[in-house]
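# Overview (structure and organization)
Spelled out, the chains give:
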Amino acid sequence: MLFSFTIDGQTCQYETGTDIARETISGSSNSYFITGKNIESKYGKVLGLPKESTLIIDDGESAKSLESYGRVMSWLMENGAGRNSTLAYIGGGTVGDLAGFVASTFKRGMNLVAIPTTFLSMIDSSIGGKNGINLNGVKNMAGTFLNPSRIVADTSFIKDNTPLIMAGLPEAIKHGFIKDRWIIDKLDKNNFEDPGFLEEFIIHNARIKAEICSLDPYDTLGTRSLLNFGHTVGHWIESSSKNRINHGEAVMMGMFMESTVTSAMGLTENTVPEKIRLLGEKLGIPTKIPDSIIVTDLTHMEYDKKINGDDIYLPVVTSPGNSKIVRMKLKDLKSQIEKAMVG
Ligand SMILES: NC(=O)c1ccc[n+]([C@@H]2O[C@H](COP(=O)([O-])OP(=O)(O)OC[C@H]3O[C@@H](n4cnc5c(N)ncnc54)[C@H](O)[C@@H]3O)[C@@H](O)[C@H]2O)c1
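This text gives an overview of the structure that appears in the document. Being a predicted model, the structure only gives us computed values, none of them experimental.

## What about the packing of helix H3 (residues 66–78) against helix H4 (residues 93–105)?
In contact at an axis separation of 10 Å, H3 and H4 are set at 50 degrees when each is read in the N-to-C sense. In terms of their interaxial angle, H3 and H4 are classed as oblique. Our pair here, H3 against H4, has a crossing hand that is right-handed. Of the residues in H4, those in contact with Ser68, Tyr69, Val72, Met73 and Leu76 of H3 are Leu98, Phe101, Val102 and Thr105. Per-class residue counts for the contact of H3 with H4 are seven nonpolar, two polar and no charged.

Listed below in structure tokens is the structure:
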């Protein structure tokens, strides 16, 4: 399945299917590949990565370090990469964030191709052009925008890996509630073992992310904030739990809490929080914020980038599949959350 989209004049071809990564790699010319250790050891042989033009880097969050960045830049230099070369990554959001940053800065920019290997990276992080590395323990402190010219989402990486799909599902649920009811309805009867279903599901999600990003290419117009549904409260849960609650679960709890609050304010159809709770129950993703999270400690919310002075721009789901941005007083949101937590 194929579709293409354009963000700020840069066209990207998005493709999903089974066993399509190998042919993408073998059909590339003047290309340099980076991948993580886990992917190389699990899929290196099947993918046929050319030894002379492949660099294997650390996996996970440590890929997004200044050290990895320097290593990839030096390797490209030593191996004669130029402005007309392509940097292709095979990996999840971490390897992708690093690759995007390298590709946008090496000789002031080279072509980027994404071969995402996690469900999250297929439906979210490979799309929209954001990239970056972490500095001094702070996430995404250095980064730019660069859209890949091609994204190849090969379902063979994820089809038998339930935890990888589960980790990305909250973002898919988010896409469904903000813009595409089809996603919510299909989640009720999901069958991720069916490759045809998985491809269709991936395409629906990729289209939503691409559509929203194309309206706000550099995250300056407010439209991209819709993708933050569940994340305002979610980030606070993640930080308050000292990351014991993972990102996906925190977003799920965040969507439930934010929709409960906006429903009490009359902004959201009151079926929405219950739908989120039931989906969480069905899929085994918790929606209730644990009692160990301190109700009054909402300080982390002050650092949310969607906050402007005393006001916050909150993405609000009005009904399943529909949403808008609402400006409200931060103190009102906080007091509603406190009320909802006690109730
Ligand atoms: N740029 C964006 O727009 C954007 C959006 C969302 C998240 N992100 C970033 O994405 C990162 C998270 O990415 P992620 O969730 O894809 O995880 P990840 O890249 O951290 O990968 C998680 C683990 O899974 C392994 N892995 C990857 N693919 C695998 C496969 N097919 N089979 C087995 N193991 C596999 C990796 O080696 C790693 O150990 C974060 O750094 C986050 O900040 C970026």
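## A word on the pairing of strand E2 (residues 10–17)
Alignment of strand E1 (residues 2–7) against E2, held across six bridges, turns out to be antiparallel. Within the sheet, the bridge partner assigned to Leu2 lies in E2 and is Glu15. In sequence, E1 turns back onto E2 through a hairpin of two residues, with Asp8 there showing a positive phi of about 45 degrees. Sheet topology note: the E2/strand E9 (residues 150–154) ladder contains five bridges and is parallel.

## Observations concerning the pattern of salt bridges
Between side chains of opposite charge, pairing is possible as soon as their charged atoms come close. Considering all chains together, one arrives at 17 salt bridges under this definition. Its salt-bridge partner being Lys37, residue Asp58 comes within 2.7 Å of it at the nearest N-O pair. In this pair, Asp58 is assigned in the loop between strand E4 (54–57) and H3 and Lys37 in helix H2 (residues 37–47), connecting sequence segments 21 residues apart. Here Lys130 and Asp219 are joined by a salt bridge, their closest N and O atoms 2.8 Å apart. Residue Lys130 is found in the loop between helix H5 (119–125) and strand E7 (133–135), and its partner Asp219 is found in the loop between helix H8 (195–215) and helix H9 (231–240); the two are separated by 89 residues along the sequence. Overall, Lys130 belongs to the partly exposed group, its relative accessible area being 34%. Three or more residues are tied together by salt bridges with common partners; here these are Glu61, Lys64, Asp97 and Lys139.

## Observations concerning the state of the cysteines
Here the structure, examined in full by the defined rule, presents zero disulfides. This cysteine, Cys12, is not joined by any disulfide, and Cys213 carries the nearest cysteine sulfur, 11 Å off. Note on Cys213: relative accessible area 0%, which makes it buried.

## Looking at the sheet that holds strand E12 (residues 322–329)
Spatial ordering of the open sheet is given by E10-E11-E12, a layout of three strands whose pairing is antiparallel. Each edge of the sheet is formed by a strand with only one pairing partner; in this case those strands are strand E10 (307–308) and E12. Bridging between strand E11 (residues 311–319) and E12 involves eight bridges; their strand directions are antiparallel. Its bridge partner being in E12, Ile312 is matched across the sheet by Met328.

## Focus: the site of the ligand
Close contacts around the ligand come from 23 residues, with Asp59, Gly93, Thr94, Thr117 and Thr118 the closest. Thr118 is positioned such that a nitrogen or oxygen atom in its side chain is 2.6 Å from an oxygen atom of the ligand. Contact between the ligand and Lys139: an oxygen atom at 3.0 Å from a side-chain N or O atom of the residue. In isolation the ligand exposes 870 Å². Once the protein is present, 77% of that is buried. At the level of elements, H2, H4 and H5 are the ones that each hand at least two residues to the shell around the ligand. In terms of residue count, the dominant contributor to the shell around the ligand is H2 (four residues). In terms of residue class, the shell around the ligand is built from five nonpolar, nine polar and nine charged.

Scoring rules and cut-offs
- Residues numbered from 1 in each chain as written.
- Predicted model: local features only at pLDDT ≥ 70, side-chain atom pairs only at ≥ 80, totals over all residues.
- Heavy atoms only, no water.
- Axes fitted to C-alpha atoms, helices over the stretch in contact; angles between N-to-C directions.
- Helix = DSSP H or I, 4+ residues; strand = E, 2+ residues; numbered from the N terminus.
- Parallel < 35°, antiparallel > 145°, perpendicular 65-115°, else oblique.
- Left-handed = near helix turned anticlockwise from the far one by under 90°.
- Contact = heavy atoms within 4.5 Å.
- Nonpolar A, V, L, I, M, F, W, Y, C, P; charged D, E, K, R; others polar.
- Pairing = 2+ DSSP bridges.
- Salt bridge = Lys/Arg side-chain N within 4 Å of Asp/Glu carboxyl O.
- Buried < 20%, exposed > 50% of the residue type's maximum accessible area, 1.4 Å probe, protein only.
- Disulfide = S-S within 2.5 Å.
- Near = heavy atom within 4 Å.
- Polar contact = N/O pair within 3.5 Å; in protein donor to acceptor, adjacent residues only side chain to side chain.
- Areas by Shrake-Rupley, 256 points an atom, 1.4 Å probe, with all protein chains shown as cover.

Purely geometric numbers; function is a separate question.
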